[in-house]
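Commentary on secondary and tertiary structure
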Amino acid sequence: MKLHRQLLTAAVAAALFAPAAHAEVAIDVIGGSEITFEGLVQADGNWFDNDKVDLNGAGKNGKDSEFELRRAELVLKGKGPGNVEWVVGYDAKADKFLDTNAKYKLGGNSSHFLQVGQYKQPNSLEELSSTKNNDFISKATVTNTYAVARRLGVGYGVGASNWSVTASAFGRELTRDLAHGSGYGVRGTFAPINEKGNILHLGLSYADYDTDADTLRLRARPNADLATVRLVDSSDLKDSDRISTIGAEAMYVQGPFKAQAEYFNAKVKRYDHDNYTSDGFYVSGVWNVTGETWSYKGGTPGLGLPSEPGRGMWQLGARFDHIDLNDGGLRAPAVVGGAPLVDGVLGGKMDIWTVGANWYWRSNFKASMNYVMVDSKKYSSSAGGFVSDKPNILEARLQFFW
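Residues numbered from 1 in each chain as written. Predicted model: local features only at pLDDT ≥ 70, side-chain atom pairs only at ≥ 80, totals over all residues. Heavy atoms only, no water.

Quick notes on the overall build of the protein chain
The number of helices and strands found in the protein chain is three helices and 22 strands. With 402 residues in all, the protein chain has 47% of them scored as buried. Counting only contacts in the protein chain whose residues sit at least 6 apart along the sequence, the fraction spanning at least 24 positions is 61%. Accessible area for the protein chain stands at about 18,900 Å²; split by element, carbon and sulfur atoms hold 58% of it. (Helix = DSSP H or I, 4+ residues; strand = E, 2+ residues; numbered from the N terminus. Buried < 20%, exposed > 50% of the residue type's maximum accessible area, 1.4 Å probe, protein only. Contact = heavy atoms within 4.5 Å. Areas by Shrake-Rupley, 256 points an atom, 1.4 Å probe, with all protein chains shown as cover.)

Looking at the nonpolar core
Within soluble globular proteins, side chains that are nonpolar generally end up buried alongside one another. In terms of nonpolar packing, the biggest core is built from 32 residues, with Tyr-146, Ile-323 and Met-350 touching the most fellow members. Looking at this core, the elements with two or more residues in it are helix H3 (141-146), strand S10 (198-210), strand S14 (257-270), strand S15 (276-288), strand S18 (313-331), strand S19 (341-361) and strand S20 (365-380). Leaving out residues up to four positions away in the same chain, Tyr-146 has contacts with Asn-123, Leu-218, Thr-245, Phe-264, Ala-266, Ser-278, Asp-279, Gly-280, Ile-323, Asp-324 and Leu-325. Within the second largest apolar cluster, 11 residues are counted, among which are Met-251, Trp-294, Tyr-296 and Met-313. (Core = buried A, V, L, I, M, F, W, Y, C linked by side-chain atoms within 4.5 Å.)

Structural notes on unusual backbone geometry
A cis amide bond links Gly-80 with the next residue in sequence, Pro-81, at an omega value of 5 degrees. Along the chain, the position of Pro-81 falls in the loop between strand S3 (63-79) and strand S4 (84-91). In this model, Asp-214 sits at a positive phi of 55 degrees, which is unusual for a non-glycine residue. Of note in the backbone geometry, Asn-223 takes a positive phi value of approximately 55 degrees without being a glycine.

Looking at the packing of aromatic side chains
Ring pairs (aromatic) are described by centroid distance and by the angle formed between their planes. Tallied over the entire structure, the rule returns 15 aromatic pairs. Centroid distance Tyr-90 to Phe-97: 5.7 Å. Interplanar angle 70 degrees. Geometry classified as edge-to-face. Judged by relative accessible area, which is 8%, Tyr-90 ranks as buried. Within the aromatic cluster, the residues linked to one another by ring pairs are Phe-37, Trp-314, Trp-359, Trp-361, Phe-365, Phe-400 and Trp-402. A cation sits over an aromatic face here: Lys-103 above Phe-113, 4.5 Å from the ring centre. (Phe/Tyr/Trp six-rings, centres within 6.5 Å; stacked < 30°, edge-to-face > 60°. Lys NZ or Arg CZ within 6 Å of the ring centre and 35° of its normal.)

As for the confidence of the model for the protein chain
For the protein chain, the mean per-residue pLDDT works out to 90, and 90% of the residues sit at or above 70. Taken as a whole, residues 16-21 scores under 50 in pLDDT and shows seven contacts with residues more than four places along the chain or in a different chain. (pLDDT = per-residue confidence, 0-100.)

As for the pattern of salt bridges
Throughout the structure, instances matching the rule amount to 21 salt bridges. In this structure, Glu-127 and Lys-139 form a salt bridge, with 3.2 Å as the shortest nitrogen-oxygen distance. Of the two residues, Glu-127 sits in helix H2 (residues 125-128) while Lys-139 sits in the loop between H2 and H3, which places them 12 residues apart along the sequence. (Salt bridge = Lys/Arg side-chain N within 4 Å of Asp/Glu carboxyl O.)

What about the environment of Val-268?
Position of Val-268 relative to the elements: it lies in strand S14. For Val-268 and Leu-216, which are 52 residues apart along the polypeptide, the C-alpha to C-alpha distance reads 8.4 Å. Contacts of Val-268, omitting those with residues within four sequence positions, involve Leu-216, Ser-240, Arg-242, Ile-243, Asn-275 and Tyr-276.

Focus on the environment of Val-116
Among the secondary structure elements, Val-116 is positioned in strand S6 (residues 112-120). With a relative accessible area of 49%, Val-116 lands in the partly exposed category. Taking the C-alpha atoms as reference, Val-116 lies 6.5 Å from Gly-155; in sequence the two are 39 residues apart. When near neighbours in sequence (up to four residues on either side) are disregarded, Val-116 contacts Asn-101, Ala-102, Gly-153 and Val-154.

Notes on the pairing of strand S7 (residues 150-160)
Strand direction decides the pairing type here: S6 and S7, joined by nine bridges, are antiparallel. For Phe-113, the partnering residue across the bridge sits in S7 and is Gly-157. Relative to strand S8 (residues 163-170), S7 runs antiparallel, the two being bridged by eight bridges. Counterpart to Ala-160 in the pairing with S8 is Trp-163. Here S7 hands over to S8 after two residues, the two strands then running antiparallel side by side. (Pairing = 2+ DSSP bridges.)

Overview of the side chain of Arg-71
Relative to the helices and strands, Arg-71 is located in strand S3. Of the residues examined, Arg-71 reaches a relative accessible area of 12% and is grouped as buried. Here Gln-42 takes part through its side chain, which lies 2.6 Å from a polar atom of the side chain of Arg-71. What Arg-71 contacts, discounting residues up to four positions off in sequence, is Leu-40, Val-41, Gln-42, Asp-91, Lys-93, Thr-131 and Arg-397. (Polar contact = N/O pair within 3.5 Å; in protein donor to acceptor, adjacent residues only side chain to side chain.)

As for the pairing of S6
If a strand is regular, its side chains alternate between the two faces of the sheet. Two elements, strand S5 (residues 96-105) and S6, share six bridges in a ladder whose sense is antiparallel. What sits directly across from Thr-100, in S6, is Gln-118.

Okay, structure coming up:
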């Protein structure tokens with residue numbers, strides 16, 4: 001279904017003029033449920049310095065740009081009656097449902113709950129963290145490639161202030177014609193250090209699910225959400241049964257500094273071929289120049305408001321991504337002088353450096369700038385070997401949230 005543009009405009013205007021717009025907008029209490037309204041609007045620009053491949057399909061001289069409304073999220077939330085919480089979220093830009101579920105807190109404890117509906121599955125620290133406080137404009141390549149995002153399911157969670165275990169059985173995405181494949185996932189976290197401004201987080205996750213129509217394709221953009229080209233691509237694996245992914249995560253916060261890393265290893269079970277395995281990781285660091293720090297709850301970090309709203313909060317960050325979609329290599333040709341024979345899947349490798357800055361101003365606005373440097377290498381049958389592609393991308397984002 002399509003959300004009318006006038007509705008989105010009215011929602012943003014209401015948030016702009018609502019008192020205390022930094023928080024969710026209170027609507028009413030209906031049937032014992034306290035209803036609030038939240039929103040997130042992001043507008044992005046990407047400037048491509050192409051190398052071999054035209055990253056957005058329109059460049060003629062090696063350089064091009066793309067501008068787009070990235071997200072237009074509208075969310076209704078309810079607390080009550082009793083220990084029930086519910087949420088209905090919708091992205092007007094992508095024309096899809098977001099979190100749309102009900103949660104029952106067992107004994108009134110937020111760390112002990114049952115959840116039914118669509119929600120983010122229990123895997124990946126970056127995927128589970130708040131989109132409005134992403135450290136970089138694009139999530140890490142491995143997060144976008146391997147993490148299982150929102151699916152319809154039933155979940156159970158238990159934990160305390162420094163540990164958590166969440167399990168889920170899930171199916172397809174709520175919006176039709178999007179992600180399919182039933183499966184299950186589990187994530188455990190432990191924070192041996194959990195004090196204000198001093199946090200050490202460790203986590204493990206496992207997800208296993210059916211492929212859609214026995215076909216799977218893993219591919220990745222070069223950390224540019226507006227790029228139409230994937231520089232690494234496994235192509236269609238048409239005899240695939242299931243994919244299982246192990247994830248490991250770590251985060252350390254010391255005052256205004258945060259270091260974070262995740263590793264993923266995915267195995268695809270295939271009928272008529274050898275199983276296909278790929279992996280990747282990222283390591284990032286962020287410095288709050290203006291001195292703010294992060295909070296921690298439920299196995300994910302939180303970022304508060306600027307300590308001086310008029311000045312805002314400034315962040316500087318750097319991240320290194322690596323993904324390897326190769327599983328196999330090249331064999332000598334059967335005929336002397338012939339083309340090499342592909343043994344396995346040669347989806348390519350990609351290393352990416354991203355440096356960036358974020359400015360959170362007052363309670364509702366954020367501006368971001370990233371510079372992305374890519375080094376990819378993928379097999380080309382026409383070239384008879386591996387071909388390198390090393391583009392650079394400048395990215396900008398303006399964000400309004402309430």
